[in-house]
Structures are given as C-alpha cells and as structure tokens.
Amino acid sequence: MRSSNPVFSRRRFNGGGQVGQPQAGNPYAQGAPAGGPYANNPYAQPQQGVPGFPPAAPTGDRMTMDDVVSRTALTLGTVVAGAAVAWLLNLPMGFAILAALVAMGLAFWQSFKRKASPGLILTYAVFEGLFLGAVSNIINQWVPGAAMQAVIGTMAVFAAVLFLYKTRIIRVNRRFTQFAIAAGIGYAILSLVNLGFAIFGAGDGMGFRTGWVGILMGIAGVCIGALFLALDFKQVEDGIAYGAPREESWLAAFGLTVTLAWIYFEFLRLAWIFASD
C-alpha cells in the first residue's frame, strides 16, 4: 500500500507508528539496539565491533529541517513562477489539461523511483505551476478573487494541520495512516468515476461535481488533503529522527508540494462551485 509520501511508500519505517525516543547523546538512532524502536531503520548499516548497533550517517550528510524548508521553498517557488507565467500569458484550458497530464506523469515517475531526482521534481513543479496558473486565471475571470481565496484557504489548512500535529492533537500512527490512504484511494476512484460522467457531458461537463454534491466532494477533498499533509509532516519528522540522507529532503519537499497543490485546486474548484450556484 502506497501513500502520497514518497518516503513512506518505499522506506520501511515503523509501520506508520510513533518514532521511538532517541537514546541519550545519540539523537539519530546511532545506538539503537536490534529489536528496539529503530530496529527497522531503512538507513542503518552494521557497525563494526558493536553487534546489533547500526551507525547513523555522518552528521553533514543527514537530512535537517533547514534542508526540508529550503528545498520546499524552492519547489513551491517554482510552482508559483510557473503559475505566474501561465497567468500572464493567459494560457487556454487545453494547455492547462496538457500541463496537468505531464505533471501527473512526472509525479508518478518520481513516486516510483527509489531515489530523489531534483531535476525531475523541479520539472514537475514547472508543469504543475503552469496548470494551476492557467486554471486559476480562467476561474478568476468568472469568479473574481477565487485564486486569492484558494491561496488563503490553503495557507489556513497548512497552518491548522501544522499546529494540530505539533501539539500532538493529531497523532500519525498506523491506524491514522491506513485511514488516510484508504480515504485517498476512495476519493481517487470517485474522481475517476466522475471523470467518466463528465466525458459524456453530465453536469455540463463537470460530472456530478456541481451543486451540493460537488461542494461535499470538494470539502472531502480538502479534508483528505489535510490528512495527507499530516503524513507529510510525519515523513519529515521520521526522516530527521532516523538520520535520513540529505537527498531525502527533496522527497519531503516533493510530498509537501503535491499535497499543497491538491488542496489549493480543491479550494479553487469550491470557489467556482459556490459562485455558480
């Protein structure tokens, strides 16, 4: 079972549970004994002379919060730059759909790769930005202010989930992870069914994503996106606690960008539905 978080989808963390407390003097599980809370450390390698104790990566090669923040800022900045270009050039819906398909393909490609590819992630960010910028411009012409509303909504969800996660009101354990993934899969299947209806002209080309049904689907999309955002935060926390290589910060940035783009698009679609009714 895969999640939206690239690290979770390939690394064998402790089943989505809470990370154990690092031992004193060794905050990155350098001295975790076999069978302990870090026994499944995906980055561990046998340490000579100390049976059952895997060493941590050299300090300079470990993922840090600064790495995650800087790479996320770069990736999101690329999305914003691509969106600005699409907005200023007034790109048509046909181009937006093409950019969306390319971005989706690149996202799946990176998700199935074993290692992070900065070039691939930034290319995804470019096409995701072009898609979001073109769609935002089109919807904003029909619903003035829709793009700003979507930005504010996305920022509010990010801040709320971060607060709930840091205060441990939200606890990302195995059950939470399984529920979030199941909800995400169900939502994806429902979206595919809706796409089939839309192709045949139902709901004026929007399928059943209109009216109150569309509003409920949009709200569900935002809520599920918030669940995946909590998984992204857990990915970052686990990566730092396990002493993940610095390159993993690109995967963390990728996961956060994908989730935030999804939440933004759901808010944008909600603004359009509310204005259409």
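1. Quick word on the overall build of the protein
When its secondary structure is counted, the protein shows eight helices and zero strands. Counted from the first residue to the last, the protein has its helices and strands arranged as α-α-α-α-α-α-α-α. Restricting to contacts in the protein with at least 6 residues of sequence separation, those with at least 24 account for 79%.

2. Looking at helix H2 (residues 65-88)
Here H2 is 24 residues long and its end C-alpha atoms lie 34 Å apart, about the 34 Å a rise of 1.5 Å per residue gives. If you check which residues of H2 are buried, you get Asp67, Val68, Arg71, Thr72, Thr75, Thr78, Val79, Gly82, Ala83 and Ala86. The positive-phi residue at the C-terminal boundary of H2 is asparagine 90, with phi of around 55°.

3. Digging into the packing of aromatic side chains
How two aromatic rings sit relative to each other is given by the distance of their centres and the angle of their planes. Within this structure, the stated rule accounts for six aromatic pairs. The interplanar angle of 80° and the centroid separation of 5.5 Å between the aromatic rings of tyrosine 124 and phenylalanine 254 together place this pair among those described as edge-to-face. You can see tyrosine 124 sitting in helix H4 (residues 118-142) and its partner phenylalanine 254 sitting in helix H8 (residues 248-276), a full 130 residues away along the chain. On the basis of relative accessibility, which here comes to 3%, the residue tyrosine 124 falls in the buried class. When the centroid spacing of 5.7 Å and the interplanar angle of 65° are considered together, the rings of phenylalanine 228 and tryptophan 262 count as edge-to-face. Taken together, the residues span a long stretch of sequence, with phenylalanine 228 in helix H7 (residues 211-241) and tryptophan 262 in helix H8 at a distance of 34 residues. Exposure remark for tryptophan 262: the relative accessible area of 22% places this residue in the partly exposed category. Aromatic ring contacts, followed pair by pair, group Phe158, Tyr165 and Phe233 into a single cluster. For the cation-ring pair, arginine 168 lies above tyrosine 165, with the distance from its terminal atom to the ring centre recorded as 5.0 Å.

4. Regarding unusual backbone geometry
Of note, asparagine 90 is a non-glycine position whose phi angle comes to about 55°, a positive value. The residue asparagine 90 is located in the loop between H2 and helix H3 (93-112) in this model. Using a relative accessible area of 45% as the deciding quantity, one classes asparagine 90 as partly exposed. Residues other than glycine seldom take positive phi values, yet arginine 168 does so here, at roughly 65°. Tracing the chain through its elements places arginine 168 in the loop between helix H5 (146-166) and helix H6 (174-199).

5. Digging into the packing of H4 against H8
Where H4 contacts H8, the axes come no closer than 11 Å and their chain directions differ by 10°. When the axes of H4 and H8 are compared, the pair comes out roughly parallel. Contact residues: Pro118, Ile121, Leu122, Tyr124, Glu128, Phe131, Leu132, Val135, Ser136 and Ile139 in H4; Trp250, Phe254, Thr257, Val258, Ala261, Tyr264, Phe265, Leu268 and Trp272 in H8. Partitioned by chemical class, the residues of the contact of H4 with H8 number 16 nonpolar, two polar and one charged.

6. Quick look at the side chain of glutamate 266
Its location among the elements puts glutamate 266 in helix H8. A distance of 2.7 Å separates a polar atom in the side chain of glutamate 266 from a polar atom in the side chain of tyrosine 187.

7. Description of the environment of phenylalanine 108
Within the secondary structure, phenylalanine 108 sits in helix H3. Counting along the chain gives 16 residues from phenylalanine 108 to tyrosine 124, while the straight-line C-alpha distance between them is 9.9 Å.

8. Points about the confidence of the model for the protein
For the protein, per-residue confidence averages 80 on the pLDDT scale, and residues scoring 70 or more make up 73% of the total. Note on residues 1-39: pLDDT is under 50 here. Beyond four places in sequence and across chains, it has 108 contacts. Per-residue pLDDT stays below 50 along residues 44-54; that stretch engages in 19 contacts with residues further than four places along the chain or on separate chains.

9. Considering the pattern of salt bridges
Counted under the stated rule, the structure contains five salt bridges. Between glutamate 266 and arginine 269 there is a salt bridge; the shortest N-O distance is 3.3 Å. Of this pair, glutamate 266 and arginine 269 both sit in helix H8, three residues apart, which is roughly one turn of the helix. For the pair glutamate 266 and arginine 269, a shared accessibility class is recorded, and that class is buried.

10. Here's the deal with a nonpolar patch on the surface
Together, Met148, Val151, Ile152 and Met155 make up an exposed nonpolar region whose accessible area comes to about 390 Å². Mapped onto the elements of the fold, isoleucine 152 is located in helix H5.

Quick notes on the rules
- Residues numbered from 1 in each chain as written.
- Predicted model: local features only at pLDDT ≥ 70, side-chain atom pairs only at ≥ 80, totals over all residues.
- Heavy atoms only, no water.
- Helix = DSSP H or I, 4+ residues; strand = E, 2+ residues; numbered from the N terminus.
- Contact = heavy atoms within 4.5 Å.
- Expected span 1.5 Å × (residues − 1).
- Buried < 20%, exposed > 50% of the residue type's maximum accessible area, 1.4 Å probe, protein only.
- Phe/Tyr/Trp six-rings, centres within 6.5 Å; stacked < 30°, edge-to-face > 60°.
- Lys NZ or Arg CZ within 6 Å of the ring centre and 35° of its normal.
- Axes fitted to C-alpha atoms, helices over the stretch in contact; angles between N-to-C directions.
- Parallel < 35°, antiparallel > 145°, perpendicular 65-115°, else oblique.
- Nonpolar A, V, L, I, M, F, W, Y, C, P; charged D, E, K, R; others polar.
- Polar contact = N/O pair within 3.5 Å; in protein donor to acceptor, adjacent residues only side chain to side chain.
- pLDDT = per-residue confidence, 0-100.
- Salt bridge = Lys/Arg side-chain N within 4 Å of Asp/Glu carboxyl O.
- Patch = residues over 30% accessible without salt bridge, like charges linked within 9 Å, V, L, I, M, F, W, Y side chains within 5 Å.
- Areas by Shrake-Rupley, 256 points an atom, 1.4 Å probe, with all protein chains shown as cover.

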